[in-house]
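Here is what each chain is made of, one letter per residue.
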Amino acid sequence: MVADALNARTRARGSSWWFAAPVLVLGLVVLGWMFYPTFASIVAIWNRSDTFAHGFLIVPIVLFLLFLKRQEVLALEPRPSWWALLPLVGLSLVWVAGELVDVVSVRQFAAVLMIPALFWLVLGNAITWRLQFPLAYLLFAVPFGEFLVPPMMDLTADFTVTAVQLTGIPVYRDGLYFDLPTGRWSVIEACSGVRYLIASVALGTLYAYLMYRSPWRRIVFVGVSIVVPIVANGLRAYMIVMIGHLSDMEHAAGVDHLIYGWIFFGVVIALMFAIGALWREDMEPLPTPTVPPAQPGRSAQAGSFVAAAVLTVVLASAAPLYAEWMNQRDLGPVAGLGTGPLAPAGWQVLEEQDAAWEPGYRGARDGRGGLVTAADGGEPVGMHVLFYREQYRHGNMVGWSNTLAGRDRALEWSQSRRGRATLEGYPNPERFLLNGPGQRFLVWRWYWVDGRLTTRPHEVKAREALNRLFGGRDDAALVVLYAPLEFDNGTDAAEAALRTYAADALPELLEQLDHVARQ
């Protein structure tokens with residue numbers, strides 16, 4: 001009886017796989033076709049960025065992990081799970097939102113996560129549960145993590161300067177630049193260690209999965225793979241600075257330090273893996289098959305897979321088509337912002353605007369700005385407002401290419417974040433020091449979106465996405481106040497002038513931005 005039941009189960013399982021496999025392949029082909037630009041953008045970043053070059057290995061690794069699971073999976077019967085429609089619909093909406101406000105990482109994550117959701121829809125709960133790690137590992141294919149570059153640069157500079165000081169060598173630091181008696185150093189993006197961190201986490205996660213069975217051991221090792229590259233990058237930077245200092249800047253002062261960095265990183269990761277192997281756990285044996293309950297007949301299974309195939313095609317097609325239709329709409333011109341600086345009561349526009357400064361943001365539809373001063377004299381204060389609309393077409397306000405100093409003039413200008421200023425009644429603005437050719441500024445920055453000021457870029461993008469998703473505009477504005485600084489003076493006077501001007505000008509400015517958004 002048991003043998004007959006198992007044979008019947010095997011035949012039913014085999015017939016189900018004959019339906020499930022073509023539907024799964026069809027779904028993957030449709031996803032690849034409809035979201036081809038998104039997947040192509042992922043590969044393009046792998047190709048041009050050393051930080052994400054490991055992405056070429058992720059898909060082969062996932063295929064290998066799926067191959068390791070083949071016996072365990074083929075012993076189960078695929079059955080479509082309609083619960084998977086919820087994440088598929090949600091991810092489609094997320095992708096559309098990312099497309100409408102041109103957030104590449106959102107589109108990429110949504111498209112990649114549709115693949116596990118498709119497996120869940122076609123193969124069902126039991127099989128997808130057993131494939132959870134290989135499918136989740138696909139997330140490492142998404143080139144994500146560049147937002148860590150600025151804080152990692154600051155951390156590297158902090159670590160290096162502190163270590164050099166502890167060595168007994170005098171150091172003068174100005175932001176990301178620091179001077180030793182033998183020469184000047186700076187922490188640039190390539191020195192942040194983000195590429196080491198991302199590669200370490202990807203390798204460490206795979207290693208933890210293959211070497212350990214205990215969830216706690218896996219979590220601990222992944223945590224170690226996060227901490228080790230951060231510490232190692234600090235030590236790497238310190239060693240490079242010391243090599244340059246001790247060799248009177250003959251070594252480790254050019255491409256040499258990148259070579260030293262990768263060698264050092266390779267040694268550290270090899271040691272981490274070697275130590276981690278001391279606590280390895282062997283694979284658990286597969287469970288013995290048991291006789292399952294009765295399943296629906298062949299015709300019911302066939303109908304379920306056909307329905308899954310149709311729904312996959314519809315959902316995969318609807319998102320790009322809707323986004324394309326929305327992006328064809330004309331959101332109208334920008335009007336009513338005005339020109340020149342805003343001079344509220346008690347303030348006047350300076351006749352001489354030679355010292356006026358403009359932030360290095362691009363893609364704005366309209367803008368205004370310039371220098372003002374209090375009617376009774378005092379420190380000059382500048383303002384600059386840039387208004388954005390149809391950002392998917394003209395350029396995004398929040399994005400890697402837009403900085404106060406300007407990406408296109410990075411060799412002439414530098415910016416360093418100096419915490420937040422305090423301003424009663426408004427969000428505390430981000431505070432920056434900018435240094436350029438013969439100029440120095442203290443800068444306050446906000447973003448304006450949905451009638452309110454914020455300093456959180458992610459909130460700006462979220463509000464823009466929701467507005468666009470439901471047929472609205474993506475109106476947003478950059479609001480910057482600044483004060484020129486003398487190179488040998490502090491910032492107290494400039495800070496006080498900015499605070500006074502902000503209290504007087506922001507109510508009128510916010511009303512004006514609301515007026516522009518209503519046009």
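Residues numbered from 1 in each chain as written. Predicted model: local features only at pLDDT ≥ 70, side-chain atom pairs only at ≥ 80, totals over all residues. Heavy atoms only, no water.

Trainee: Explain the overall build of the chain here, please?
Mentor: Counting its secondary structure elements, the chain contains 16 helices and eleven strands. When the 519 residues of the chain are sorted by exposure, 46% land in the buried category. Looking at the chain alone, contacts between residues at least 24 apart form 74% of all its contacts between residues at least 6 apart. Just so you have it, the chain exposes about 25700 Å², and 64% of that area is on carbon and sulfur atoms. (Helix = DSSP H or I, 4+ residues; strand = E, 2+ residues; numbered from the N terminus. Buried < 20%, exposed > 50% of the residue type's maximum accessible area, 1.4 Å probe, protein only. Contact = heavy atoms within 4.5 Å. Areas by Shrake-Rupley, 256 points an atom, 1.4 Å probe, with all protein chains shown as cover.)

Trainee: Help me understand helix 5 (residues 85-100), please; the structure alone is not making it clear to me.
Mentor: A turn of α-helix holds 3.6 residues, and therefore any two residues three or four places apart point the same way. The first and last C-alpha atoms of helix 5 sit 22 Å apart over 16 residues, in line with the 22 Å expected at 1.5 Å per residue. Within the span of helix 5, buried status applies to Leu88, Leu91, Ser92, Trp95, Val96, Ala97, Gly98 and Leu100. Two residues or fewer after helix 5 comes Asp102, characterised by a positive phi angle close to 55°. (Expected span 1.5 Å × (residues − 1).)

Trainee: Explain the nonpolar core to me, please; I cannot follow it from the model alone.
Mentor: Across soluble globular proteins, you tend to see nonpolar side chains buried next to one another. Counting 74 residues, the largest nonpolar core has Phe35, Trp95, Val122, Leu123, Tyr137, Phe178 and Leu180 as its most contacted members. Per-element accounting of this core gives the leading share, eleven residues, to helix 6 (residues 104-123). Setting aside residues no more than four positions away along its own chain, Phe35 makes contact with Trp95, Ala111, Met114, Ala316, Ala319 and Pro320. Of all hydrophobic cores here, the second largest spans 34 residues; its members include Trp347, Val372, Leu442 and Leu506. (Core = buried A, V, L, I, M, F, W, Y, C linked by side-chain atoms within 4.5 Å.)

Trainee: In this structure, what is going on with the environment of Ala505? I would like to understand it.
Mentor: Its location among the elements puts Ala505 in helix 16 (residues 492-518). Along the sequence, Ala505 and Trp347 sit 158 residues apart, while their C-alpha atoms lie 9.3 Å from each other. Sequence-distant contacts of Ala505, defined by excluding residues within four places in its chain, comprise Leu342 and Pro344.

Trainee: What should I look at first to understand the sheet that holds strand 1 (residues 172-174) in this one?
Mentor: Pairing between the strands of a sheet is mediated by backbone hydrogen bonds and can be parallel or antiparallel. The antiparallel open sheet is built from three strands, whose spatial order is 1-2-3. Each end of this open sheet is capped by a strand with a single partner; those strands are strand 1 and strand 3 (183-186). Neighbour to neighbour, the strand axes of the sheet diverge by 20° on average, direction disregarded. Looking at chain direction, strand 1 and strand 2 (residues 177-180) are connected through three bridges and run antiparallel. Paired with Arg173 across the strands is Phe178, a residue of strand 2. Of the strands in this sheet, strand 1 and strand 2 are in contact with helix 9 (residues 149-167), which crosses strand 1 at around 170°. Across the sheet, helix 11 (residues 215-246) lies against strand 2 and strand 3, angled at about 165° from strand 3, the strand it touches most. (Pairing = 2+ DSSP bridges. Axes fitted to C-alpha atoms, helices over the stretch in contact; angles between N-to-C directions.)

Trainee: How should I be thinking about the packing of helix 9 against helix 11 in this particular structure?
Mentor: Geometry of a packed helix pair, given as the angle between the helix axes and the separation of the axes. Contact geometry for helix 9 and helix 11: axes closest at 9 Å, N-to-C directions at 50°. Classed by the angle they form, the pair helix 9 and helix 11 counts as oblique. For the pair helix 9 and helix 11, the sense of crossing is right-handed. Of the residues in helix 11, those in contact with Met152, Leu155, Thr156, Phe159, Thr160, Ala163, Val164 and Thr167 of helix 9 are Ile230, Val231, Asn233, Gly234, Leu235, Ala237, Tyr238, Val241 and Met242. Looking at the contact of helix 9 with helix 11 residue by residue, the classes come out as twelve nonpolar, five polar and no charged. (Parallel < 35°, antiparallel > 145°, perpendicular 65-115°, else oblique. Left-handed = near helix turned anticlockwise from the far one by under 90°. Nonpolar A, V, L, I, M, F, W, Y, C, P; charged D, E, K, R; others polar.)

Trainee: Please clarify how the pairing of strand 11 (residues 476-484) should be interpreted in this entry.
Mentor: Regular strands show a simple pattern: their side chains alternate between the two faces of the sheet. For strand 11, the buried fraction is high: eight of the nine residues fall into the buried class. As paired strands, strand 6 (residues 381-388) and strand 11 are joined by seven bridges and run antiparallel to one another. Looking across to strand 11, one finds that Met383 is bridged to Leu481. Strand direction decides the pairing type here: strand 9 (residues 439-449) and strand 11, joined by nine bridges, are antiparallel.

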